[in-house]
Amino acid sequence: MVLGPGVGFLPISLGLLAAATFITTYIIAVVKGDTSVWFPYISDTGADSPESCIFGEFLNLSAFLAVATMYVRYKMVKAFVSEGQSRKITILNRVGMVFGVISVTGMTMVANFQETRVISVHLVGAAMVFGFGVLYALLQTSISFAMHPDYNGLYICRWRLAISLVSLISLTTTFIAGAIAREQWNGQAHHDHSTMKWDPKDAGYTAHAVSSVGEWVMAFAFLLYFFTFIRDFQKVSMEIQTHICVTHLDQIPVNGPDETTKLLV
C-alpha cells in the first residue's frame with residue numbers, strides 16, 4: 001500500500017499539496033502574464049491575485065502538515081532513543097524540532113506577506129524557511145546516522161545526506177546568485193518592467209536564472225526529504241488520549257494535565 005498503516009500519509013500529503021500549489025500558481029501566473037515563463041522565483045508565481053490567494057491558502061495548509069510531520073518525527077525519535085541512552089541524539093532531536101518550527105513559521109510568513117505587498121517581511125520569511133529548513137534537514141540526517149545501526153539502516157542515511165547537501169548547495173547558490181542579479185539589475189539605468197518579468201537582455205539575467213533554478217531545486221529537495229520519512233512513519237501510530245481529571249468542569253484538577261501542560265516532553 002502507498003499510504004500503508006501508521007501516519008505515512010502525513011509526508012505524502014505535505015509533498016503532494018506543496019508541489020501542486022507551486023505548479024498551479026506557476027501555470028496561472030504565466031497564463032495571466034503576471035510573471036515570466038522562464039525562471040521566475042516561486043514567490044513571483046504567487047504575488048498577484050488570484051494566484052496569491054491559492055498560494056497563501058494552500059501554503060498555510062502545507063505549513064500545518066509540515067509541523068505535524070516534524071512533530072511525529074520528533075516523538076518517534078524520542079520513543080526509540082531515551083535521554084539515558086543517548087544524550088547527543090536527544091539534544092539534536094530537540095534542537096531539530098525548534099529549527100523546524102522556525103522554518104514553518106517562515107513558510108507562513110512567505111504565504112501571507114506577498115513580495116509585492118510587504119517585501120521586507122516576505123524576505124525574512126524566505127530566509128527562515130530555507131535557512132532553518134536546511135539546518136533541520138542536516139540535523140535529521142545527523143540523527144539518522146547516530147541511530148545507525150541500532151534503529152535504522154545506512155541506506156536511508158545516505159539518501160538523507162545527499163538530499164541535505166543538494167539543499168545546502170542550492171541555498172548557497174540561490175542567495176549568492178540572487179544578490180549578484182539584484183546588484184546588476186540596480187546598476188542598469190532604465191527598466192520598463194519589474195523583476196517579476198526578467199528579460200534575457202536585462203543586466204543580471206544569467207545570475208537571476210541561476211538563483212531561480214536553485215530555489216526551485218531547493219524547494220523540491222525539501223519535499224523529497226520529507227518523503228524519506230514515509231516508510232518510517234508507516235511503522236508508527238499515534239493517538240490522542242483524553243484523561244478526565246475532575247467530575248465537574250468548574251472544579252480545579254489536581255496533578256492532572258490542563259491547557260498549560262507541555263506537549264514536548
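The structure we're discussing is the one just above.
These figures come from a predicted structure and were not determined experimentally.

**Student:** Hey, could you run me through the packing of helix α5 (residues 154-187) against helix α6 (residues 205-227) in this one?
**Tutor:** Two numbers describe a pair of packed helices, the interaxial angle and the distance between the axes. Running from N to C, α5 and α6 point in directions that differ by 155 degrees, and their axes come no closer than 7 Å. Looking at the two axes, α5 sits roughly antiparallel to α6. Judged by the sense of rotation from one axis to the other, the crossing of α5 with α6 is left-handed. Of the residues that constitute the contact of α5 with α6, the class distribution is 14 nonpolar, nine polar and two charged.

**Student:** Would you explain the environment of Arg73 in this entry?
**Tutor:** Turning to its location among the elements, Arg73 is positioned in helix α2 (residues 51-80). Expressed as a C-alpha distance, the spacing of Arg73 and Leu161, which sit 88 residues apart in the sequence, is 17 Å. Once residues lying within four places of it in the same chain are set aside, the contact partners of Arg73 are Asn93, Tyr136, Gln140, Ile143, Ser144, Arg160, Phe229, Asp232 and Phe233.

**Student:** What is the right way to read the pattern of salt bridges from this model?
**Tutor:** Under the counting rule described, the total for this entry stands at two salt bridges. The residue Lys32 makes a salt bridge to Asp34 at a minimum N-O spacing of 2.7 Å. In this structure Asp34 comes out as buried when scored by relative accessible area, which is 14%. In this structure, the salt-bridge partner of Asp232 is Arg160, at a minimum N-O distance of 2.8 Å. Taken together, the residues Asp232 in helix α7 (residues 230-233) and Arg160 in helix α5 connect sequence positions 72 residues apart.

**Student:** I keep staring at the side chain of Ser144 and nothing clicks. Help me out?
**Tutor:** Counting through the fold element by element, Ser144 comes out in helix α4 (residues 119-146). A polar contact of 2.8 Å, which involves the side chain of Ser144, links it to the side chain of Arg160. Residues within four places of Ser144 in sequence aside, it is in contact with Arg73, Asn152, Cys157 and Arg160.

Thresholds applied
Residues numbered from 1 in each chain as written. Predicted model: local features only at pLDDT ≥ 70, side-chain atom pairs only at ≥ 80, totals over all residues. Heavy atoms only, no water. Axes fitted to C-alpha atoms, helices over the stretch in contact; angles between N-to-C directions. Helix = DSSP H or I, 4+ residues; strand = E, 2+ residues; numbered from the N terminus. Parallel < 35°, antiparallel > 145°, perpendicular 65-115°, else oblique. Left-handed = near helix turned anticlockwise from the far one by under 90°. Nonpolar A, V, L, I, M, F, W, Y, C, P; charged D, E, K, R; others polar. Contact = heavy atoms within 4.5 Å. Salt bridge = Lys/Arg side-chain N within 4 Å of Asp/Glu carboxyl O. Buried < 20%, exposed > 50% of the residue type's maximum accessible area, 1.4 Å probe, protein only. Polar contact = N/O pair within 3.5 Å; in protein donor to acceptor, adjacent residues only side chain to side chain.

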